[in-house]
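Secondary and tertiary structure notes
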4 protein chains.
Amino acid sequence: MTSTATALQLDSEQTTKLHNLYRHLHAHPELSMQEFATASLIEKQLDGLGIEHFRCGGTGVVGILRNGDGPVVAFRADSDGLPIEEATGLDYASTDTGTLPDGTVVPVMHGCGHDTHVASLLGAAEVLAGSLDAWSGTLVLIFQPGEETAAGALAMLDDGLWDRAPRPEVVFGQHVMPRPVGTVAISSGPVAAMADSLRVTVHGQQSHGSQPQDSIDPIVMAAHMVTRLQGIVSRELDPRKSAVVTVGTFHAGLKENIIPASAEFTLNIRTFDQDVRGQVLAAVRRIIEAEAVASGAPKPTIEEMYRFPQCFNDPDAVPSVIGALRLALGDEAVEITPPMMGSEDFGHLGTAIGAPSVFWMFGGTPAAGHEGPGPTPVNHSPFFAPELEGSLAGGVSAAVAVLLSRLGN
Amino acid sequence: MTSTATALQLDSEQTTKLHNLYRHLHAHPELSMQEFATASLIEKQLDGLGIEHFRCGGTGVVGILRNGDGPVVAFRADSDGLPIEEATGLDYASTDTGTLPDGTVVPVMHGCGHDTHVASLLGAAEVLAGSLDAWSGTLVLIFQPGEETAAGALAMLDDGLWDRAPRPEVVFGQHVMPRPVGTVAISSGPVAAMADSLRVTVHGQQSHGSQPQDSIDPIVMAAHMVTRLQGIVSRELDPRKSAVVTVGTFHAGLKENIIPASAEFTLNIRTFDQDVRGQVLAAVRRIIEAEAVASGAPKPTIEEMYRFPQCFNDPDAVPSVIGALRLALGDEAVEITPPMMGSEDFGHLGTAIGAPSVFWMFGGTPAAGHEGPGPTPVNHSPFFAPELEGSLAGGVSAAVAVLLSRLGN
Amino acid sequence: MTSTATALQLDSEQTTKLHNLYRHLHAHPELSMQEFATASLIEKQLDGLGIEHFRCGGTGVVGILRNGDGPVVAFRADSDGLPIEEATGLDYASTDTGTLPDGTVVPVMHGCGHDTHVASLLGAAEVLAGSLDAWSGTLVLIFQPGEETAAGALAMLDDGLWDRAPRPEVVFGQHVMPRPVGTVAISSGPVAAMADSLRVTVHGQQSHGSQPQDSIDPIVMAAHMVTRLQGIVSRELDPRKSAVVTVGTFHAGLKENIIPASAEFTLNIRTFDQDVRGQVLAAVRRIIEAEAVASGAPKPTIEEMYRFPQCFNDPDAVPSVIGALRLALGDEAVEITPPMMGSEDFGHLGTAIGAPSVFWMFGGTPAAGHEGPGPTPVNHSPFFAPELEGSLAGGVSAAVAVLLSRLGN
Amino acid sequence: MTSTATALQLDSEQTTKLHNLYRHLHAHPELSMQEFATASLIEKQLDGLGIEHFRCGGTGVVGILRNGDGPVVAFRADSDGLPIEEATGLDYASTDTGTLPDGTVVPVMHGCGHDTHVASLLGAAEVLAGSLDAWSGTLVLIFQPGEETAAGALAMLDDGLWDRAPRPEVVFGQHVMPRPVGTVAISSGPVAAMADSLRVTVHGQQSHGSQPQDSIDPIVMAAHMVTRLQGIVSRELDPRKSAVVTVGTFHAGLKENIIPASAEFTLNIRTFDQDVRGQVLAAVRRIIEAEAVASGAPKPTIEEMYRFPQCFNDPDAVPSVIGALRLALGDEAVEITPPMMGSEDFGHLGTAIGAPSVFWMFGGTPAAGHEGPGPTPVNHSPFFAPELEGSLAGGVSAAVAVLLSRLGN
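Sequence order sets the numbering: in each chain, residues are counted from 1 along the sequence as written. Labels are handed out in written order, letters beginning with A for the chains and numbers beginning with 1 for the ligands. Totals for whole chains, interfaces and linings use every residue, but because this is a predicted model, local features are given only for residues with pLDDT of at least 70 and side-chain atom pairs only at 80 or more, for both listing and counting. Remark: hydrogens and water are excluded; side-chain values derive from all non-hydrogen atoms of the structure.

1. A few points about the overall build of chain A
Quick reminder of the rule: Strands are runs of DSSP state E lasting at least 2 residues, helices are runs of H or I lasting at least 4, and numbering of each runs from the N terminus. Atoms counted for the radius of gyration: C-alpha only. Globule rule: 2.2 Å times the number of residues to the power 0.38. For every residue, the accessible area obtained with a 1.4 Å probe (protein chains only) is divided by the maximum for its type, and the residue is called buried under 20%, exposed over 50%, and partly exposed between those limits. The criterion used for residue contact is that any of the two residues' heavy atoms lie within 4.5 Å. A residue counts as positive if it is Lys or Arg and as negative if it is Asp or Glu; His and the chain ends are not included. Where a charge lies is defined by one atom per residue type: Lys uses NZ, Arg uses CZ, Asp uses CG and Glu uses CD.
Helix and strand content of chain A: 11 helices and 18 strands. Scaling as 2.2 N^0.38, a compact globule of 409 residues should have a C-alpha radius of gyration of about 22 Å, and chain A matches this with 23 Å. For chain A, the spread of C-alpha atoms along the principal axes amounts to about 80 × 45 × 40 Å. For chain A, buried positions account for 62% of its 409 residues. In chain A, once contacts between residues fewer than 6 apart in sequence are set aside, the share between residues at least 24 apart is 81%. Taking the average place of the 23 positive charges on the side chains of chain A and the average place of its 47 negative ones, the gap between the two points comes to 7 Å.

2. Side note on the relation of the copies chain D and chain A
For clarity, the threshold we go by: Overlaid copies result from least-squares superposition on C-alpha atoms, with residues included only where pLDDT is at least 70 in both.
Take chain D, turn it by 180°, move it 0.0 Å along the axis, and it overlays chain A with an RMSD of 0.1 Å. Taken together, the turn and the small shift mark the pair as related by a two-fold rotation axis. Comparing interface residues between copies, 100% of those in chain D also lie at the interface in chain A; the contact surface is shared.

3. Observations regarding the relation of the copies chain B and chain A
Overlaying chain B on chain A yields an RMSD of 0.1 Å, the required transformation being a rotation through 180° with an accompanying axial translation of 0.0 Å. When you check the interface residues of chain B against chain A, 100% turn up at the interface there too, and the contact is symmetric in its surfaces.

4. Details of the packing of aromatic side chains
Residues and elements named next belong to chain A. Put simply, the rule is: Classification of ring pairs rests on two measures: the distance between centres of Phe, Tyr or Trp rings, Trp counted by its six-membered ring, which must be within 6.5 Å, and the angle between planes, read as stacked under 30 degrees, edge-to-face over 60 and tilted in between.
Summed over all chains, the structure comprises 30 aromatic pairs over all chains. Centroid distance Y306 to F308: 5.5 Å. Interplanar angle 85°. Geometry classified as edge-to-face. Classification of Y306 as buried rests on a relative accessible area of 12%. On the basis of relative accessibility, which here comes to 2%, the residue F308 falls in the buried class.

5. Notes on the UniProt feature "binding site: Mn(2+)" (unreviewed entry) in chain A
Residue and element names in this part refer to chain A. Operational definition: UniProt positions are given in the numbering used here, feature names are shortened, and annotations may be inferred rather than shown by experiment.
Residues annotated in UniProt with the feature "binding site: Mn(2+)" (unreviewed entry) correspond here to C112, H114, E148, H175 and H380. Despite a sequence span of 269 residues, these residues sit close together in the fold, their greatest C-alpha distance being 13.1 Å. Those residues in contact with C112, other than ones at most four positions away along the chain, are L82, H117, E148, H175, V176, N379, H380 and F384. On the secondary structure map, H175 appears in strand β7 (residues 170–180). On the accessibility criterion, H175 (4% relative accessible area) is buried. Not counting residues within four places of it along the chain, the set of residues in contact with H175 comprises C112, H114, H117, E344, F359, W360, M361, F362 and N379.

6. Structural notes on the pattern of salt bridges
Residues and elements named next belong to chain A. Threshold: A side-chain nitrogen of Lys or Arg and a carboxyl oxygen of Asp or Glu constitute a salt bridge if their distance falls within 4 Å.
Per the stated rule, a full pass over the model turns up 76 salt bridges over all chains. Between D163 and R167 there is a salt bridge whose closest N-O contact spans 3.6 Å. Shared partners join several salt bridges into a network, and the residues in it are R76, D78, E344 and D345.

7. Comments concerning the confidence of the model for chain A
The line we're drawing: Every residue gets a pLDDT, meaning the predictor's confidence in that residue, from 0 to 100.
Averaged over all residues, the pLDDT of chain A is 94; the fraction at 70 or higher stands at 98%. For this predicted complex, the interface score ipTM comes out at 0.87, while the overall pTM is 0.89.

8. Here's the deal with the interface of chain B and chain A
How we decide: When two parts are brought into contact, each loses some accessible area as probed by a 1.4 Å sphere; the total of that loss over both is the buried area. In this classification, Asp, Glu, Lys and Arg are treated as charged, Ala, Val, Leu, Ile, Met, Phe, Trp, Tyr, Cys and Pro as nonpolar, and every other residue, Gly included, as polar.
Facing the 52 residues of chain B at the interface are 52 residues of chain A. Summed over both partners, the interface of chain B with chain A comes to about 4,500 Å²; 64% of that surface belongs to carbon and sulfur atoms. A per-residue breakdown of the area chain B buries against chain A is headed by B:L254, B:E256 and B:H380, which together make up 15% of the total. At the junction of chain B and chain A, the tally comes to 0 salt bridges. Contributing elements (two or more residues each) for the side of chain B that touches chain A: β11 (207–208), α7 (218–236), β12 (243–252), β13 (258–259), β14 (262–271) and β15 (301–308) of chain B. In terms of residue count, β12(B) provides more of the side of chain B that touches chain A than any other element does, 8 residues in total. In terms of residue class, the side of chain B that touches chain A is made up of 24 nonpolar, 23 polar and 5 charged.

9. Here we look at the state of the cysteines
Each disulfide consists of one covalent bond between the sulfur atoms belonging to two cysteines. Residue and element names in this part refer to chain A. Test applied: By convention in this document, the label disulfide applies to cysteine sulfur atom pairs within 2.5 Å.
All told, the structure shown has 0 disulfides over all chains when counted by the stated rule. There is no disulfide at C56, and the cysteine sulfur nearest it, in C311, is 19 Å away. For C56, a relative accessible area of 0% puts it in the buried group. With no disulfide partner, C112 has as its closest neighbouring cysteine sulfur the one in C311, 13 Å distant.

10. Some points on the domain arrangement of chain A
All names here are of chain A. The condition is simple: Domain extents, as shown, originate in an automatic or database domain assignment. Throughout this description, a polar contact denotes any pair of N or O atoms lying within 3.5 Å of each other; where both atoms belong to protein, one of them has to be capable of donating a hydrogen while the other can accept it, and for residues adjacent in sequence the pair is counted only when both atoms sit in side chains.
Each domain of chain A was delimited in the assignment, giving domain 1 (4–192 + 310–407) and domain 2 (195–307). Between the C-alpha centres of domain 1 and domain 2 there is a distance of 35 Å. With both sides pooled, the region where domain 1 packs onto domain 2 buries about 710 Å², and carbon together with sulfur makes up 61% of that total. It is A150, M341 and S343 that lose the most area in domain 1 upon contact with domain 2, and together they represent 58% of the buried surface on that side. For the pair domain 1 and domain 2, the interface holds 0 salt bridges. Applying the counting criterion to the domain 1 and domain 2 interface returns 1 residue pair in polar contact (both at pLDDT 80 or more). Grouping the constituent residues of the side of domain 1 that touches domain 2 by class yields 5 nonpolar, 4 polar and 1 charged.

11. Notes on the packing of helix α2 (residues 12–27) of chain C against helix α11 (residues 388–407) of chain C
All names here are of chain C. Stated precisely, the cut-off is as follows: For every element, the axis is a line fit to its C-alpha atoms; helices are fit only across the contacting stretch, and the angle between N-to-C directions ranges from 0 to 180 degrees. An angle below 35 degrees is read as roughly parallel, one above 145 as roughly antiparallel, one from 65 to 115 as roughly perpendicular, and any other as oblique.
Relative orientation of the contacting elements α2 and α11 amounts to 110°, with a least axis distance of 11 Å. One finds that α2 runs roughly perpendicular with respect to α11. Contacts between α2 and α11 pair L18, H19, Y22 and R23 from the former with L388, E389, L392 and V396 from the latter. For the contact of α2 with α11, a count of residues per class yields 5 nonpolar, 1 polar and 2 charged.

12. Focus on the environment of C:A317
Residues and elements named next belong to chain C. Along the polypeptide, A317 turns up in the loop between β16 (311–313) and α9 (318–329). Each C-alpha atom, one on A317 and one on T337, is 16 Å from the other, the two residues being 20 residues apart in sequence. Residues within four places of A317 in sequence aside, it is in contact with V358 and R406.

13. Side note on the interface of chain D and chain A
On the chain A side, the residues contacting the 16 residues of chain D number 16 residues. Taking both partners together, chain D and chain A bury about 1,300 Å²; carbon and sulfur atoms supply 52% of that area. Of all residues in chain D, the largest losses of buried area upon contact with chain A belong to D:R235, D:P239 and D:R240, amounting jointly to 42% of the total for that side. Run the count over chain D and chain A and you get 10 residue pairs in polar contact (both at pLDDT 80 or more). Only α7 (218–236) and β12 (243–252) of chain D provide two or more residues apiece to the side of chain D that touches chain A. Residue composition of the side of chain D that touches chain A, by class: 9 nonpolar, 4 polar and 3 charged.

14. Overview of the sheet that holds strand β17 (residues 334–336) of chain D
All names here are of chain D. Here is the rule we go by: Pairing between two strands is assigned when DSSP locates at least 2 bridges connecting them.
Read from one edge to the other, the open sheet built from 8 strands follows the order β1-β2-β6-β3-β7-β18-β8-β17, with strand pairing classed as mixed. Since the sheet does not close on itself, it has two edges, and those belong to β1 (52–56) and β17, each with one partner. Taken over all neighbouring pairs, the strand axes of this sheet differ in orientation by 25° on average, direction set aside. As judged from the 5 bridges shared by β1 and strand β2 (residues 60–67), these two strands associate in the antiparallel manner. Bridge pairing in β2 links R55 to V61. Strands β3 (72–78), β6 (137–144), β7 (170–180), β8 (184–186) and β18 (357–365) of the sheet are contacted by helix α11 (residues 388–407), whose axis makes an angle of about 155° with β18.

15. Brief notes about the side chain of B:S79
The topology assignment puts B:S79 in the loop between β3 (72–78) and β4 (97–99). Those residues in contact with B:S79, other than ones at most four positions away along the chain, are B:E35, B:T38, B:H110, B:H114, B:V118, B:Q144 and B:P145.

16. Considering the packing of helix α2 (residues 12–27) of chain D against helix α4 (residues 114–129) of chain D
All names here are of chain D. Rule in force here: Crossings are classed by handedness, with left-handed meaning an anticlockwise turn of the near helix from the far one by less than a right angle and right-handed meaning a clockwise turn.
α4 packs onto α2 with a crossing angle of 155° between their chain directions and a minimal axis gap of 9 Å. Classified by the angle between their axes, α2 and α4 sit roughly antiparallel to one another. The way α2 lies across α4 gives a crossing that is right-handed. On α4, the residues that touch Q14, L18, L21, Y22, L25 and H26 of α2 are D115, T116, V118, A119, L122, G123 and E126. Of the residues contributing to the contact of α2 with α4, the split by class is 7 nonpolar, 4 polar and 2 charged.

17. Digging into the sheet that holds β12(B)
Taken in spatial order, the 8 strands of this open sheet run β15(A)-β10(A)-β14(A)-β12(A)-β12(B)-β14(B)-β10(B)-β15(B), and their pairing is antiparallel. Both outer strands of the open sheet, β15 (301–308) of chain A together with β15 of chain B, are each paired with one neighbouring strand and no more. If you compare each strand with its neighbour and ignore which way they point, the axes differ by 25° on average. For strand β12 (residues 243–252) of chain A and β12(B), the ladder comprises 3 bridges, and the chain directions are antiparallel. Within β12(B), the position partnered with A:H251 by the bridge is B:H251.

Here it is in structure tokens:
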């Protein structure tokens, strides 16, 4: 890569269009594996850039920009929103709704910033498509659905991704985070936690609310499970190991004067290490099953919802990425950090074909710091609002820089 | 009352029609204050009996059967179903749905047996309408909506019930219970508990499921509230006093990898005594507010949903009711029992005009005992299934007997 | 009994001596089955009254006052103190200590008022010994040790009580309570609850306080048991039935930076009904064993410490007792009450020989009400302080009156 | 240091004597700040080696071995035992008892291996005292009492340690751990956690065990505190930060049928970072105070028992220590590890005079691995039993090697 690389960027008009595209994406988020309008919009953008593409994994889109001989490099952006009611107050805030698999209609928000990923990758594609003489090789653009449910990467692979697209020598990806715009953070080795999601249904016995003696109260039972699960992280694990056991949903009962027959809650478990993962999963089952016995209830039903693999940055591939990012963003803008507790199904894409992966975080918080009361809103908060101009500028620059570090002349 | 009274009953054809009417009511339950089809059906039946009627309190129906000079006596049957998914396996089981005030679509079931109340009162009305020379006076038939939400009696009173119908000297009512068909249970003095229902919303802080440090976890907070509330009955009250604190619903979260912003649960509280009631309500607030402080969370929102008054049988009016029931059903069939923990808004109807009330329980369990595994299903269980023929025979007989004890020649 | 009976009482000098005796007893309480000095003092008093006596059951004393032909009647006073640090501020407050069976040295207090029982019975004996012409028959005075541990009555029976003393036609007993001095309360039928005491040892795994991962934390485990046990009374029992599950002691650990190997707690369970008792005991075991499984710990050790039988007032014997008490104390002074949750091993004494028993409560609170801040201190409180003069006057009068109702000429 | 250094060691007879000394120390442990016999024994040993010494900080002993010009170097061994009942089954196991500050008599055990520290330092002193021509300078031997209560180092400093002994250029120390004998582990930077110990007294209201309504139950209150405290580590901290909140003791109640007036528990808190420490301490107070409010109880009393500072290895001083250890024990025997969660007051000694410190862990587990069932017993376990010969050989070798790296010719 030469210094040319850093000079490549969108012009003012292109930037304005990208901002508008982002606003549209943000205002119209879609739930995981239902990114129909988002996929169509991506396809339309790729058409506008003259980039060939195909649908893959339902609502996934793969763009291929061939530019002569040279390496094949892939870059992935995930595209799904979340069932969160947006509270950012932005003029392009989402008011859209979606329907969960169980039929519940919910508000939807780009609460994890995947809209910035899509927009940044489209921006980077526009830069590279407009400067074909600065590089050669093949760029594979992967717009992946369903990251939040760990379904999308596997769906694309199942749908023949690497039979239909050229196989890359490396797969890149990036994620917006609450750090100053224009900066990035990167790890070598583990980059994100493994995640396991479980659905637990406890089976009690229904009765009139005034007759607890005829019930096995599933709400009291599940509440004891929730409080008892706290002891896994606090008492069972080596304090120097990281793990998270979150109960993200808890639903039981339709009427206050009926003790319901059952309660359902879902768990999200984060670990970095297979031993710790095994220890936590065993403890979760042990506690849930024993608490049901303590209630005199039948064995609860524990279902695996999905699992995120470990996301791992290839140590051999990381240094050149760091170099490219430093050159593009400045030395101080690139921080080497420990892995995050968040999870990613990004790793599946490279692992499936033995290609190394590198994934980094780019900043979404105004350089001057978060305005307004309270701490900076984090991903999955209803207040999470990446600063539009800076986030996209940083996301596009980082993507262009890293891609050119492999593809540049 | 003479022995004639006990001889008055439905003939075989009338009985068959009543059974069919009951099957229809059972198959088509409606949620509280939405008993539109039920009200229409009641009106049609009253028309068939030539009994004048008017709508009152939305979906309430009042029938008036005037039969010359004599006392005015009222009898009330409540008509609403519950958000329960019926699991009785009956061939006339409900598969209908309804919509809760918050928009949730739910299955509906006559899980408290109000269909037997409506059918029994219509049956009794048919008996009395068919034997006008056996009695004189005025019978006021009150088909009340919305008992389960404590809304219906007040709605009828607000809608001018006692300005529009003759004021009775006594108000009767009855409820089906899991006891042998053909038997009744009755108390003197308190007959049912006071009930208070509260809705609690705890306010946490939303974050990514992998970042509990950025959250105030409302599910863990509410789970501690639920477990801590158990101590009110177990540690704070005189063990010789009765009280129930039920958490009937608990809802939080839409996705397992998001720690939600809030959790909501509802409480149903039963007491017999104003001091105990005050003590329990104060303890509930104290615990909920302190647990929020323990979580570092804002003060939770506690809303009163509704309140059931004490249901009280006038001690002066009870003996003649007992006498009439013994004559009609046999001495052994009438049990004097302590009050039940269940609640009733029935008491409002008489209290509003200073008229005494008497309320009793009639049996719904097969005389030979409950068939099938497990204990007899209780009211509000998805398996609650009054034995059709015996329940209605008992309900009609009890109603006719007690009415004639006041109205009979 | 004639009106003479009520005229029989201690003279002023006798009363002063009795007050002094009481002050001494109160200042020098002894733990259960260690009432050595108390027994000697009782023997000395009986000697002074010329009443024959023998030791029975270790520290029990039986006095026999024979006065010609007539019925044999027994009256029991229990004599043990409790491991409580007295905080009454009385000038005759106890500062004595005792040694628990496990070797722990503890402060001791007459925190349940058994000193008033001993003094009242000695006072009544003095009255009757001084008016032999007012009655005839045989009075058996039972000064029973170890009521608080349910050991004393059985120890006396095991030591041949009824082979060594004349068998009575009825056994009487009384207990001081926080009600106005000069009043009594009495029940017919059940008078006190059954009690079961259990000792639970949970087995964890010891480790350094900084290495919870190497431990099975017995304190967290036992804390979850304590909180979970609350659900028995709040959720598993018919709210109209009375039961108490108290954890009275909890001991674990010697140093804050060591997670200990085990924790021990003791339970005291009160019920009135064998079905409820069985249900509670089964639930206690179920919860404790399941919580150990939830901790991945071995099965806890659950030992039965002792059991109190139901204390039952013979319905045929109660009316004459009520009559005598009303005559002696005034009609308003005698209240018919429901049974108390407290327990008594008194019932063993009569049950062993098929003799009926009657037990009542006499008042210890100043007639003008409790002085000082807060509610009236109850039995087992460190502030429990029966009002000396009134309590003894009432206790002596009640005992004399009831005894003379059987023995009086 | 030359290769001579590693050749310096105890001869066979000296080794046998050291083993016997260790057995004696192990059999006769003493509680913190009560190490009277241990101090005398150390003094006797120093006398035998001709090393001058003085008492410091009560039961601390300081030896000074002057050997001409050269650097002053200090080495510290801590000497106290723990209130643990030894269960190792060793023939030299402790059966001694001690008396806690509150008067409780408890078994005492060298459950943290401080006996190996004392013996190893005495062994190293014997080696250096016997090879004065191999080194020059001054060796300050610090036998410190009361490490387990964070009292000993401060007591020695308060008693003028550095006014009475030559001030060293570096302070060394070591700790036995469950790792193979002959190996060591060392960190650069933080080496052990900060620790804070708190004593919490919750104030309830005493009553008879059958009358919970008259009590504020301190055992149920404290149990809720214990379970609620688990949420600090599990929900409030960044999962990538390490912290431990241990409740090491819990004491309440003397009798199962009395609800006691209060409960006391102690907390031991470990953190590495002042921010996390502040966050944990604030959360502990917040939860404990709020749970008291939830019980309707007065504000609990929270007392600071003691505090361990961070123990920090000077990064400039570490490399030469690592070099010396590798030379003495072999390259594979020296592991660079993350800091341990354990705490140490060792750091006070150097910090007080601005001298750098280096602290490492030496192995106590048989090279062939732990024999017997279950995992290797850890420090503070009643089964913790360093393998005698290997532990002392390793401890002496490491000490000699590191000392000679500074003092050797």
